[in-house]
Amino acid sequence: MKIFIPALLLVFLLTGCAAPAKESGYRQIGMDEAVAMMEEESNYVILDVRTTQEYQDEHIPDAINVPNETIDTEEIPELPDKEQLILVYCRSGNRSKKAAGKLAALGYTNIVEFGGINDWPGETVSE
């Protein structure tokens with residue numbers, strides 16, 4: 001009995017440590033998969049989360065700009081449909097991961113983060 005109780009406590013502690021991490025709420029894919037998704041899917045939004053100046057200098061055609069720094073607890077007028085497919089990118093992939101997590105926290109359910117424009121193989125446009 002003296003060995004049973006400590007062993008049981010150890011099992012409970014180890015089980016607690018092995019609990020799965022909380023889901024991020026978004027899916028992360030590579031650039032090739034993102035390009036294929038844009039060719040196959042319809043009714044999606046390409047979301048550029050870089051600064052307005054970066055967006056104006058160069059962005060993926062048809063992308064909309066909502067800077068990562070502006071995404072918080074407020075509703076986002078540019079993204080009214082929380083179930084619509086949202087493909088998120090930034091310059092290198094850091095801000096897009098943060099933005100995708102914030103969008104998930106706001107209740108968006110179909111978020112795909114695909115990295116940065118630095119790796120974009122297609123054309124870009126500027127304003």
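Residues numbered from 1 in each chain as written. Predicted model: local features only at pLDDT ≥ 70, side-chain atom pairs only at ≥ 80, totals over all residues. Heavy atoms only, no water.

Asker: How should helix 2 (residues 31-40) be read in this particular structure?
Answerer: An α-helical turn contains 3.6 residues, so any two residues separated by three or four positions project in the same direction. Among all positions of helix 2, only Met 31, Ala 34, Met 37 and Met 38 are buried. End-on view of helix 2: buried residues confined to an arc of 115 degrees, all on one side of the axis. Exposed residues pointing more than 90 degrees away from the buried face of helix 2 are listed as Asp 32, Glu 39 and Glu 40. Residues of helix 2 that are buried sit in contact with strand 1 (27-28), strand 2 (44-48), strand 4 (85-90) and strand 5 (111-116). (Buried < 20%, exposed > 50% of the residue type's maximum accessible area, 1.4 Å probe, protein only. Helix = DSSP H or I, 4+ residues; strand = E, 2+ residues; numbered from the N terminus. Arc of directions from axis to C-beta. Contact = heavy atoms within 4.5 Å.)

Asker: Looking at this structure, I do not really get unusual backbone geometry. What am I missing?
Answerer: Apart from glycine, the bulk of residues carry a negative phi angle, and the bulk of peptide bonds sit in the trans form. In this structure, Asn 43 is a non-glycine residue whose phi angle is positive, near 55 degrees. Judged by relative accessible area, which is 57%, Asn 43 ranks as exposed. Of note, the phi angle at Asp 62 is positive, near 70 degrees, even though the residue is not glycine. What makes Asp 62 exposed here is its relative accessible area of 74%.

Asker: Explain the side chain of Glu 113 here, please?
Answerer: One can find Glu 113 in strand 5. What makes Glu 113 buried here is its relative accessible area of 0%. Of note is the side chain of Glu 113, whose polar atom sits 2.8 Å from the backbone nitrogen of Gly 115. Leave out the neighbours within four places in its chain, and Glu 113 touches Tyr 26, Arg 27, Gln 28, Ile 29, Val 88, Gly 93, Ser 96, Lys 97 and Ala 100. (Polar contact = N/O pair within 3.5 Å; in protein donor to acceptor, adjacent residues only side chain to side chain.)

Asker: For this particular structure, what's the right way to read helix 4 (residues 94-105)?
Answerer: Helix length check: helix 4 (twelve residues) gives 17 Å between terminal C-alpha atoms against 16 Å at 1.5 Å per residue, within 8%. Residues of helix 4 that are buried: Arg 95, Ser 96, Ala 99, Ala 100, Leu 103 and Ala 104. On its buried face, helix 4 sits against strand 2, helix 3 (52-57), strand 4 and strand 5. Two residues or fewer after helix 4 comes Gly 107, characterised by a positive phi angle close to 105 degrees. (Expected span 1.5 Å × (residues − 1).)

Asker: Help me understand the packing of aromatic side chains in this model?
Answerer: Evaluation of the coordinates by the stated rule reveals two aromatic pairs. Here Tyr 89 and Phe 114 contribute two aromatic rings whose centre-to-centre distance is 5.6 Å and whose plane-to-plane angle is 40 degrees, an arrangement assigned as tilted. Within this pair, whereas Tyr 89 is found in strand 4, its partner Phe 114 is found in strand 5, the two being separated by 25 residues in sequence. Phe 114 shares its class with Tyr 89; the two are buried. Ring centres of Phe 114 and Trp 120 lie 6.5 Å apart, and the angle between their planes is 55 degrees; on these two criteria the pair is classed as tilted. Using a relative accessible area of 3% as the deciding quantity, one classes Phe 114 as buried. A relative accessible area of 16% places Trp 120 in the buried class. In textbook terms, an aromatic cluster arises when at least three aromatic residues are bridged by ring pairs, as seen for Tyr 89, Phe 114 and Trp 120. (Phe/Tyr/Trp six-rings, centres within 6.5 Å; stacked < 30°, edge-to-face > 60°.)

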